[in-house]
Amino acid sequence: MLAAWLALLGGLLPSPALAHLTPNSEIRLDFAPGLVKADVIVPQAEFGYATGLATDNQPQSLAQATARVLADMAVLAQDGRRWTIGVDRIAFEQIAGPPDLHLQLTLTPPSGASDRNLRWRWHVVTREAPSHFALLVVDGDLAGGVRGERELVGALTSGRPELVVDRGHAGMGAMFGNAFALGAHHIAQGYDHLLFLLALLLPAPLIAAGGRWSARRTGRETLAKLAWIVTAFTVGHSATLILAAFFGVRLPAQPVEAGIALSVLVSAIHAARPLFPGKEPVVAGLFGLVHGLAFATLVSNFGLGAITRAVAILGFNLGIEAVQLGVVLVALHAIIALSRWRHGDRARLALAAMTGLAALVWLTQRLGAS
């Protein structure tokens, strides 16, 4: 139990961020049924040199940059018809290394055309600077199984301004399986999600009295309590997951991530001293709504059609629940045994303190993030 808890707490260690560090451009494609999301990164200095345009974030400068990029690129179907290109976001910003022009695009194929086959035409910067090139990579393909491991398509150069991307055929079964794997992978790496749930489950075998955890529940009562908490958390995050996927409900990342850190802190305090005895399922459900919002970015790329989205959401959610249930089953005997151990109270307080410390670190980092 302690080893598993420490492993989860290890999640507060920062992981290296992926960033664009070369002076060349990069185009990252994420395929979903009915659309393709594209992240386009162009070095700011090269863009300014090639176009002569201002490279600041004034509205007029961004409008001119948008028009220039769209004039120098095209996405074509097999029959030559153009895909629709929507600009979701554009900014000159420095994430790591030199500053870049960042664009987030939504690409929609023309009526009747394949959403998994396209021809990318690119002259941005390469027309004026022949030594420049843009790497075209597939960053994600829910139906095709690409997630987290990039597939290089090739380099767009002044001498080779077009590349064909053909993802082949993918059915609903493949989409369901890959969405399931994505959900399982996401929650397995979601240390804050799991710590919140485990900390909330930690005092489940105990009964509050006099502002402290004292008497013990029977095994059957403990199982019922655990089941209610886990079910409420599942209903909560599933609700916002569905709202995000079908109705576009979401909040900015910073307050959502801060809210998740706060939920871990509250559950850690409750594990040490009862804050809301008997109300754990209600708290699990309410905070589950916040945790579900953290999945909104992932599910926003699940495609356009209602059926495909429903299949992907079902697979994604079942993947989350499979890992979550596995963690709870592994922790179940340890939580009950801990409540009966003569040093169990001290161990519970120590685990609550470590979890609370991790939550405070997360909360400080996330509130301070710009």
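Whatever comes next refers back to the structure up there.
What counts as what
Residues numbered from 1 in each chain as written. Predicted model: local features only at pLDDT ≥ 70, side-chain atom pairs only at ≥ 80, totals over all residues. Heavy atoms only, no water. Helix = DSSP H or I, 4+ residues; strand = E, 2+ residues; numbered from the N terminus. Contact = heavy atoms within 4.5 Å. Axes fitted to C-alpha atoms, helices over the stretch in contact; angles between N-to-C directions. Parallel < 35°, antiparallel > 145°, perpendicular 65-115°, else oblique. Left-handed = near helix turned anticlockwise from the far one by under 90°. Nonpolar A, V, L, I, M, F, W, Y, C, P; charged D, E, K, R; others polar. Phe/Tyr/Trp six-rings, centres within 6.5 Å; stacked < 30°, edge-to-face > 60°. Buried < 20%, exposed > 50% of the residue type's maximum accessible area, 1.4 Å probe, protein only. Polar contact = N/O pair within 3.5 Å; in protein donor to acceptor, adjacent residues only side chain to side chain. Pairing = 2+ DSSP bridges. Salt bridge = Lys/Arg side-chain N within 4 Å of Asp/Glu carboxyl O. Patch = residues over 30% accessible without salt bridge, like charges linked within 9 Å, V, L, I, M, F, W, Y side chains within 5 Å. Areas by Shrake-Rupley, 256 points an atom, 1.4 Å probe, with all protein chains shown as cover. Expected span 1.5 Å × (residues − 1). Arc of directions from axis to C-beta.

**Q** Now, about the overall build of the protein chain: what can you tell me, with residues and values included?
**A** Along the backbone of the protein chain there are 11 helices and 11 strands. Overall, the C-alpha framework of the protein chain stretches about 75 × 40 × 30 Å when taken along its three principal axes. Across the protein chain, contacts joining residues at least 24 apart in sequence account for 72% of those joining residues at least 6 apart.

**Q** Provide a residue-level description of the packing of helix α7 (residues 253-272) against helix α11 (residues 344-368), including the pertinent values.
**A** The angle between the axes and the distance between the axes are what describe a pair of packed helices. Direction vectors running N to C along α7 and α11 enclose 160°, while the axes themselves pass 8 Å from each other. Our classification of the angle between α7 and α11 gives roughly antiparallel. Viewed along their axes, α7 and α11 form a crossing whose handedness is left-handed. Touching Gln254, Glu257, Ala258, Ile260, Ala261, Leu262, Val264, Leu265, Ala268, Ala271 and Ala272 of α7 are Arg348, Leu349, Ala352, Thr355, Gly356, Ala359, Leu360, Trp362, Leu363, Arg366, Leu367 and Gly368, all from α11. Looking at the contact of α7 with α11 residue by residue, the class counts come to 16 nonpolar, four polar and three charged.

**Q** Break down the packing of aromatic side chains for me, citing the residues and quoting the values.
**A** A ring pair, where both rings are aromatic, is described by two values, the distance of the centres and the angle of the planes. Scanning the entire structure with this criterion turns up three aromatic pairs. The interplanar angle of 50° and the centroid separation of 6.2 Å between the aromatic rings of phenylalanine 47 and phenylalanine 92 together place this pair among those described as tilted. In this pair, phenylalanine 47 sits in helix α2 (residues 44-51) while phenylalanine 92 sits in strand β4 (residues 84-93), placing the two residues 45 residues apart along the sequence. Note on accessibility: phenylalanine 47 and phenylalanine 92 belong to one class, buried. Judged by centre distance (5.7 Å) and plane angle (70°), the rings of phenylalanine 196 and phenylalanine 287 are edge-to-face.

**Q** Can you explain the environment of arginine 28? Please cite residues and give values.
**A** Mapped onto the elements of the fold, arginine 28 is located in strand β1 (residues 25-32). Taking the relative accessible area as the measure of exposure, arginine 28 reaches 13% and is therefore buried. Sequence-wise, arginine 28 and isoleucine 41 are 13 residues apart; in three dimensions their C-alpha atoms are separated by 8.5 Å. There is a polar contact of 2.8 Å between the side chain of arginine 28 and the side chain of glutamate 26.

**Q** Go over the pairing of β1 with me, naming the residues and quoting the values.
**A** The element β1 is largely enclosed, with a buried count of eight among its eight residues. On β1, burial covers both faces: Ser25, Ile27, Leu29 and Phe31 on one face and Glu26, Arg28, Asp30 and Ala32 on the other are all buried. The turn linking β1 back onto strand β2 (residues 35-43) is made up of two residues, and glycine 34 within it adopts a positive phi angle of 90°.

**Q** So, the pattern of salt bridges: which residues are in play, and what are the values?
**A** The tally for this structure, following the rule as stated, stands at 16 salt bridges. A salt bridge links arginine 89 to glutamate 93; the shortest N-O distance between them is 2.9 Å. On the basis of relative accessibility, which here comes to 34%, the residue arginine 89 falls in the partly exposed class. Assessed through its relative accessible area of 22%, glutamate 93 is described here as partly exposed. A salt bridge links aspartate 141 to arginine 167; the shortest N-O distance between them is 2.9 Å.

**Q** Which residues make up the side chain of aspartate 192, and what are the values?
**A** As for its position among the elements, aspartate 192 is in helix α5 (residues 191-201). Once residues within four sequence positions are removed from consideration, aspartate 192 is found in contact with Glu257, Ile260, Val264, His291, Trp362 and Arg366.

**Q** Hey, could you go over the environment of threonine 55 for me, with residue numbers and the actual values?
**A** Examined against the element boundaries, threonine 55 turns out to sit in the loop between α2 and α3 (59-71). Those residues within four positions of threonine 55 in sequence are excluded, and the remaining contacts are Gln44, Phe47, Gly48 and Phe92.

**Q** A description of a nonpolar patch on the surface should follow, citing residues and the corresponding values.
**A** Taken together, the side chains of Ile242, Leu243, Phe246, Phe247 and Val249 define a hydrophobic patch exposed on the protein surface, amounting to about 440 Å² of accessible area. Inspection of the secondary structure assignment puts isoleucine 242 in helix α6 (residues 219-247).

**Q** Go over α3, please, and point to the residues and values.
**A** It helps to recall that an α-helix has 3.6 residues per turn; residues three or four apart then point in one direction. Along its 13 residues, α3 runs 18 Å from first to last C-alpha, staying within 8% of the 18 Å computed at 1.5 Å per residue. All of the buried residues along α3 are Ser61, Leu62, Ala65, Thr66 and Val69. Viewed end-on, α3 has its buried residues packed into an arc of 135°, placing them on one side of the element. Residues of α3 that are exposed and point more than 90 degrees away from the buried face comprise Pro59, Gln60 and Ala71. On its buried face, α3 is in contact with α2, β3 (73-76), β4 and β5 (100-108).

**Q** Would you mind going over the packing of helix α4 (residues 172-188) against helix α10 (residues 306-340) in detail, with residue names and values included?
**A** Remark: α4 packs on α10, axes separated minimally by 7 Å, with the N-to-C direction vectors making an angle of 40°. Taken together, the axes of α4 and α10 are oblique relative to one another. Handedness of the α4/α10 crossing: right-handed. Listed contacts from α10 to Met172, Met175, Phe176, Ala179, Phe180, Leu182, Gly183, Ala184, Ile187 and Ala188 of α4 are Ile307, Thr308, Val311, Ala312, Leu314, Gly315, Phe316, Leu318, Gly319, Ile320, Ala322 and Val323. For the contact of α4 with α10, the residue count by class is 18 nonpolar, four polar and no charged.

**Q** Give me the lowdown on the sheet that holds strand β6 (residues 117-122), citing residues and values where you can.
**A** In sheet architecture, strand pairing relies on hydrogen bonds along the backbone and comes in two forms, parallel and antiparallel. An order of β3-β6-β9 is seen for the three strands of this open sheet, with the pairing classed as antiparallel. If you trace the sheet from one side to the other, it starts and ends with β3 and β9 (162-166), each paired once. Neighbour-to-neighbour, the strand axes of the sheet open up by a mean angle of 15°, direction not taken into account. Bridge analysis of β3 against β6 gives four bridges, and the strand direction is antiparallel. Across the sheet, the residue bridging to valine 75 is tryptophan 120, located in β6.

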